[in-house]
Amino acid sequence: MLLQRLDIAQFNEVFSIMEASFPLEEYRPYEEQKALLEDPAYAIYVHTDEKIGKVNAFLSVWDFETMGFIEHFAVDPACRGGGLGGKLLDEITSLFEKPVCLEVEPPENEITTRRVGFYSRHGFFLNSYPYMQPSISKGRSPLPLLIMTSGRTIQKTEFEAVKTLLYRRVYKAL
């Protein structure tokens, strides 16, 4: 296995990669992010460079009864481009043994189009239903995103169920 569950001593490394990889609107402040580890449905999986013992990639995930949700996925900028991300995505998806979803920015420029393409190559399908990610933390703005799902696109009723679950459990917006 390439991924291991986070050892709490690795949290600072994960948070550093998060800060380097995501806009401020897409992650919680340090204490809020760390506090999520107390929720039994939430976990962070890490990939560590065996030579130096440093975290070089992570996925933060929610394991719900009906689906998994990949909230954050990042490879340290210094380690990108070598295929590690695809291997980690494939592994985490297989660990769930149920449908998995994630949020992406609409494919409106080269970077966002490449990101959607990456997920598509790894078995995810873009759903075209309008979706607004609620504010992830006080003082942060909601974001217009789209939902991608593993295995297939989903029907509108399934999308509404996914949206309700994410709004209730991940964002505490309902």
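Shown above is the structure to which this text applies.
In short, a report on the structure. In this text the structure is predicted, and so the values were computed from the model without any measurement.

**Some thoughts on the overall build of the chain**
Then, in step 1: Looking only at helices and strands, one finds five helices and seven strands in the chain.
Then, in step 2: Order of helices (α) and strands (β) in the chain, N terminus to C terminus: β-α-α-β-β-β-α-β-α-β-β-α.
Then, in step 3: Taken against the 2.2 N^0.38 rule, which gives 16 Å for 174 residues, the C-alpha radius of gyration of the chain at 15 Å falls within 12% of a compact globule.
Then, in step 4: Each principal axis of the C-alpha distribution contributes one length, and for the chain these read about 45 × 35 × 30 Å.
Then, in step 5: In the chain, once contacts between residues fewer than 6 apart in sequence are set aside, the share between residues at least 24 apart is 63%.

**Describing the pattern of salt bridges**
Opposite charge on two side chains makes pairing possible when the charged atoms of those side chains draw close.
Then, in step 1: Tallied over the entire structure, the rule returns seven salt bridges.
Then, in step 2: Linking Arg 169 and Asp 39 is a salt bridge whose minimum nitrogen-to-oxygen distance equals 3.3 Å. Of this pair, Arg 169 sits in helix H5 (residues 156-170) while Asp 39 is found in the loop between helix H2 (30-35) and strand S2 (42-49), placing the two residues 130 residues apart along the sequence.
Then, in step 3: On the basis of relative accessible area, Asp 39 is assigned to the buried category, the value being 17%.
Then, in step 4: Note that Asp 63 is salt-bridged to Lys 98, the shortest N-O span being 2.6 Å.

**Examining the sheet that holds strand S1 (residues 4-5)**
Then, in step 1: Taken together, seven strands build an open sheet; the order of strands is S1-S2-S3-S4-S5-S7-S6 and the sheet is mixed. Since the sheet does not close on itself, it has two edges, and those belong to S1 and strand S6 (124-133), each with one partner.
Then, in step 2: Note that S2 and strand S3 (residues 54-63) share eight bridges and pair antiparallel. Residue Ala 43 lies in a different strand from S3, and its bridge partner there is Val 61.
Then, in step 3: Helix-sheet contacts for helix H1 (residues 11-21) involve S2, S3 and strand S4 (68-75), and the interaxial angle to S3 is about 85°.

**Comments concerning the nonpolar core**
Then, in step 1: Within the largest apolar cluster, 34 residues are counted, with the highest numbers of intra-cluster contacts made by Ile 44, Phe 58, Trp 62, Phe 69, Tyr 131 and Leu 166.
Then, in step 2: At the level of secondary structure, the elements contributing two or more residues to this core comprise H1, S2, S3, S4, S6, strand S7 (143-150) and H5.
Then, in step 3: In this structure, Trp 62 is in contact with Leu 36, Asp 39, Ala 41, Tyr 42, Met 67, Gly 68, Phe 69, Glu 71, Phe 96, Arg 169 and Val 170, ignoring residues within four places of it in sequence.
Then, in step 4: The next biggest cluster of nonpolar side chains, apart from the first, holds 22 residues, and it includes Ala 57, Phe 73, Val 75 and Val 116.

**Details of the packing of aromatic side chains**
Then, in step 1: The final tally for this structure, using the stated rule, is 13 aromatic pairs.
Then, in step 2: For the ring pair Phe 11 and Tyr 30, a centre distance of 5.2 Å and an interplane angle of 75° mean the geometry is edge-to-face. Taken together, the positions of Phe 11 in helix H1 and Tyr 30 in helix H2 put the pair 19 residues apart, joining distant regions of the chain.
Then, in step 3: The partly exposed category is assigned to Tyr 30, whose relative accessible area is 26%.

**A short note on the pairing of S4**
Then, in step 1: For S4, the tally of buried residues reaches eight of eight residues, placing the bulk of the element in the interior.
Then, in step 2: Pairing analysis gives seven bridges linking S3 to S4, with the strands arranged antiparallel. Paired with Asp 63 across the bridge in S4 is Gly 68.
Then, in step 3: Pairing analysis gives three bridges linking S4 to strand S5 (residues 100-104), with the strands arranged parallel. By the bridge assignment for S5, Ile 70 is matched with Leu 102.
Then, in step 4: As a crossover connection, the stretch from S4 through helix H3 (residues 84-96) into S5 is right-handed.

Cut-off values and rules
Residues numbered from 1 in each chain as written. Predicted model: local features only at pLDDT ≥ 70, side-chain atom pairs only at ≥ 80, totals over all residues. Heavy atoms only, no water. Helix = DSSP H or I, 4+ residues; strand = E, 2+ residues; numbered from the N terminus. Rg over C-alpha atoms; globule rule 2.2 N^0.38 Å. Contact = heavy atoms within 4.5 Å. Salt bridge = Lys/Arg side-chain N within 4 Å of Asp/Glu carboxyl O. Buried < 20%, exposed > 50% of the residue type's maximum accessible area, 1.4 Å probe, protein only. Pairing = 2+ DSSP bridges. Axes fitted to C-alpha atoms, helices over the stretch in contact; angles between N-to-C directions. Core = buried A, V, L, I, M, F, W, Y, C linked by side-chain atoms within 4.5 Å. Phe/Tyr/Trp six-rings, centres within 6.5 Å; stacked < 30°, edge-to-face > 60°. Right-handed = clockwise from strand over helix to strand, strands pointing away.

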